[in-house]
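So the chains spell out like this:
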Amino acid sequence: MKIAVDAMGGDNAPSALVEGAILAYRELGIESILIGNPEKIDAEFVRLGARGLPIEIREATQVIEMGESPSRSLRSKTDSSMRVAAELVKSGDAEAVFSAGDTGGAFAVSLHVLQRMKGVLRPAIAALIPTLKGFSIMLDVGANLVPKPQNLFQFGVMGKIYSEIALGIPNPTVGLLNVGGEESKGTDSLKSAYQLFSKSDLNFMGNVEGNTIFQGSVDVIVCDGFSGNVAIKVSESLSEMLTTLLREEVTHSVRSKIGYMFLQNGLKSMRQRTDYSEYGAAPLLGLNGLTMIGHGRSESKTVKNALRATSRLMDKGLNSKIQDQVDKQISIQRRSEPGWRLWGQIREGIFHGGSADESSESGGSSGENDSNLTKN
């Protein structure tokens, strides 16, 4: 099991990516393939005294820069480190890809190379967020700015599986981020998505508002990529601001410094719960292959944690479980469509010798379950 690492992506590439991969192997036994400029990568191995470790290096002559147009880079940079990493997953040489590079570029490359799972309309980026009750999952946080109702519903389906695996929560609760708790609130897209969730067998709790996100009111928060990305960035900024303000306050007097000494352990624990580097990366769900997207400012510790999270998701069979759940929900939705209900009635009449009306009211056969499902 190897993870393809885009060694040239991110603000601290390649040093942080190489060191993180080395830490992941030394501490966790996770093997990786580093993709990028071989000379620069090898120089980091020399600096860290890590030559001889079973970590491969694959050459890539191009790099997708931060803020670069995803569509343009997809066309013009076919030998980018991000593209080569995704190709390794497609060919089976690696199990997953990790990149701390441009999010739009990672999304475009992964979607083009790995393609969507059968039945998945749009992939989504799922982020772990700290709450008063532990952790919740928010998706999408940047891949789809204006998703359709069906997209939002599938985000909830995929988020359910990710929550079960990443957080160990059986039958997690799902909420739809909106401007109010009432069913009638929000855009037409959100109202339609609400109806889809209500008719499903997901543990849907209705709409949730922004002021409840970090209270842990639900396990999975479904939203469009615009709202999700803003919420994540605001939470990161708030955490950094509070840390800075606290550091400034404790230097004002001797009494403040003494008080800080007693609070250090608690503050350290709080900082760890709100620090994105502890979680490493967010998966891009819904593809034929696992792509993990890290923060652009990822340090070596962040990379190590990202590779650990990636390895765990692969061990737990994330993608196969998402595919099973997507297939199940598509089947449920189809059974509620008028055309499928009519076919169920016709099939009952053909195979059980009665009329369509009689068969839909009768029971006791293998077709009973189908007709009952269609009536529900």
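The structure displayed is predicted, hence computed values, not measured ones.

Caption draft 1: Main features of the overall build of the protein chain. Of the regular secondary structure elements, the protein chain holds 14 helices and 11 strands. Out of the 376 residues belonging to the protein chain, those deemed buried represent 46%. Contacts in the protein chain between residues far apart in sequence, at least 24 positions, make up 70% of those at least 6 positions apart.

Caption draft 2: Spotlight on the pairing of strand β3 (residues 56–59). As paired elements, strand β2 (residues 31–36) and β3 share four bridges and run parallel to each other. From the neighbouring strand, L34 faces β3, where its bridge partner is I57. In terms of handedness, the path from β2 via helix α2 (residues 38–48) over to β3 forms a crossover that is right-handed.

Caption draft 3: How the structure looks around the sheet that holds strand β7 (residues 173–177). Sheet architecture is open: 11 strands sit in the order β3-β2-β1-β4-β11-β10-β5-β6-β9-β7-β8, paired in mixed fashion. Here the strands that pair on one side only, and so sit at the sheet edges, are β3 and β8 (203–208). On average, each strand axis in the sheet is inclined to that of its neighbour by 25°, with strand direction left out of account. Summarising the sheet, β7 and β8 pair through four bridges and their orientation is parallel. Bridge pairing in β8 links T173 to N203. Sheet strands touched by helix α1 (residues 15–28): β1 (2–6), β2 and β4 (96–99). Its angle to β2, the strand with the most contacts, is close to 170°. Packing of helix α8 (residues 225–249) onto the sheet brings it into contact with β5 (124–131), β6 (134–139) and β7, and relative to β6 it is tilted by some 145°.

Caption draft 4: Quick look at unusual backbone geometry. Of note, the bond from A13 into P14 is cis; its omega dihedral lies within 30 degrees of zero at -5°. A cis geometry characterises the amide bond from L139 onward to D140, with omega recorded as 10°. Here D140 is to be found in the loop between β6 and α6 (149–166). A positive phi angle is found at Q115, which is not glycine, with a value near 70°. By the secondary structure assignment, Q115 is in the loop between α5 (103–114) and β5. One non-glycine residue, N171, lies in the positive phi region at around 45°.

Caption draft 5: Expanded view of the confidence of the model for the protein chain. Per-residue pLDDT for the protein chain has a mean of 85; in total, 84% of the residues score no lower than 70. Confidence, expressed as mean pLDDT per element, reaches its minimum in the protein chain at helix α14 (residues 368–375) with 37 and its maximum at strand β9 (residues 220–222) with 97. Below pLDDT 50 for its whole length, residues 354–376 participates in 19 contacts with residues either more than four positions away or in separate chains.

Caption draft 6: Structural detail: the pattern of salt bridges. Overall, the coordinates contain 11 salt bridges when judged by the stated rule. For E19, the salt bridge goes to R47, with nearest N and O atoms at 3.9 Å. Taken together, the positions of E19 in helix α1 and R47 in helix α2 put the pair 28 residues apart, joining distant regions of the chain. Two residues, R83 and E87, come together in a salt bridge whose shortest N-O distance is 3.4 Å. Residue R83 and its partner E87 are located together in helix α4 (residues 81–91), separated by four residues, close to a single helical turn.

Caption draft 7: Representation of the pairing of β7. The buried count for β7 comes to five of five residues, which makes it a mostly enclosed element. Burial along β7 is two-sided: the face carrying T173, G175 and L177 and the face carrying V174 and L176 are both buried. Where the polypeptide runs from β7 across helix α7 (residues 188–198) and back to β8, its parallel neighbour, the crossover connection is right-handed. Judged from the three bridges that link them, β7 and β9 form a sheet pairing that is parallel. Bridge pairing in β9 places V174 opposite V220.

Caption draft 8: Structural view of α5. The end-to-end C-alpha separation of α5 is 16 Å, in line with the 16 Å expected for 12 residues at 1.5 Å each. Those residues of α5 not exposed but buried are G105, A106, F107, A108, V109, S110, V113 and L114. If you follow the buried residues of α5, they end up packed against α3 (70–76), α4, β10 (281–285) and β11 (290–294). Capping of α5 at its N-terminal end is provided by D102; its side-chain oxygen lies 3.2 Å from the backbone amide nitrogen of G104. Looking one or two residues past α5, Q115 carries a phi angle of roughly 70°, positive in sign.

Caption draft 9: Summary view of the packing of α1 against helix α10 (residues 300–315). With their axes 7 Å apart at the nearest point, α1 and α10 run at an angle of 50° to one another. With respect to their mutual orientation, α1 and α10 come out oblique. Where α1 crosses over α10, the two elements pack in a sense that is right-handed. Contact residues: α1 offers A16, L17, E19, G20, A21, L23, A24, E27 and L28, while α10 offers S300, V303, K304, L307 and R308. Taken together, the residues of the contact of α1 with α10 sort by class into eight nonpolar, two polar and four charged.

Caption draft 10: A look at the nonpolar core. In this structure, L34, F98 and L318 are the most contacted members of the largest nonpolar core, which totals 54 residues. Tallying contributions element by element places α6 first for this core, with eight residues. Formed by 37 residues, the second largest nonpolar core is a distinct cluster that contains V97, V218, I232 and L284.

Analysis parameters
Residues numbered from 1 in each chain as written. Predicted model: local features only at pLDDT ≥ 70, side-chain atom pairs only at ≥ 80, totals over all residues. Heavy atoms only, no water. Helix = DSSP H or I, 4+ residues; strand = E, 2+ residues; numbered from the N terminus. Buried < 20%, exposed > 50% of the residue type's maximum accessible area, 1.4 Å probe, protein only. Contact = heavy atoms within 4.5 Å. Pairing = 2+ DSSP bridges. Right-handed = clockwise from strand over helix to strand, strands pointing away. Axes fitted to C-alpha atoms, helices over the stretch in contact; angles between N-to-C directions. pLDDT = per-residue confidence, 0-100. Salt bridge = Lys/Arg side-chain N within 4 Å of Asp/Glu carboxyl O. Expected span 1.5 Å × (residues − 1). Polar contact = N/O pair within 3.5 Å; in protein donor to acceptor, adjacent residues only side chain to side chain. Parallel < 35°, antiparallel > 145°, perpendicular 65-115°, else oblique. Left-handed = near helix turned anticlockwise from the far one by under 90°. Nonpolar A, V, L, I, M, F, W, Y, C, P; charged D, E, K, R; others polar. Core = buried A, V, L, I, M, F, W, Y, C linked by side-chain atoms within 4.5 Å.

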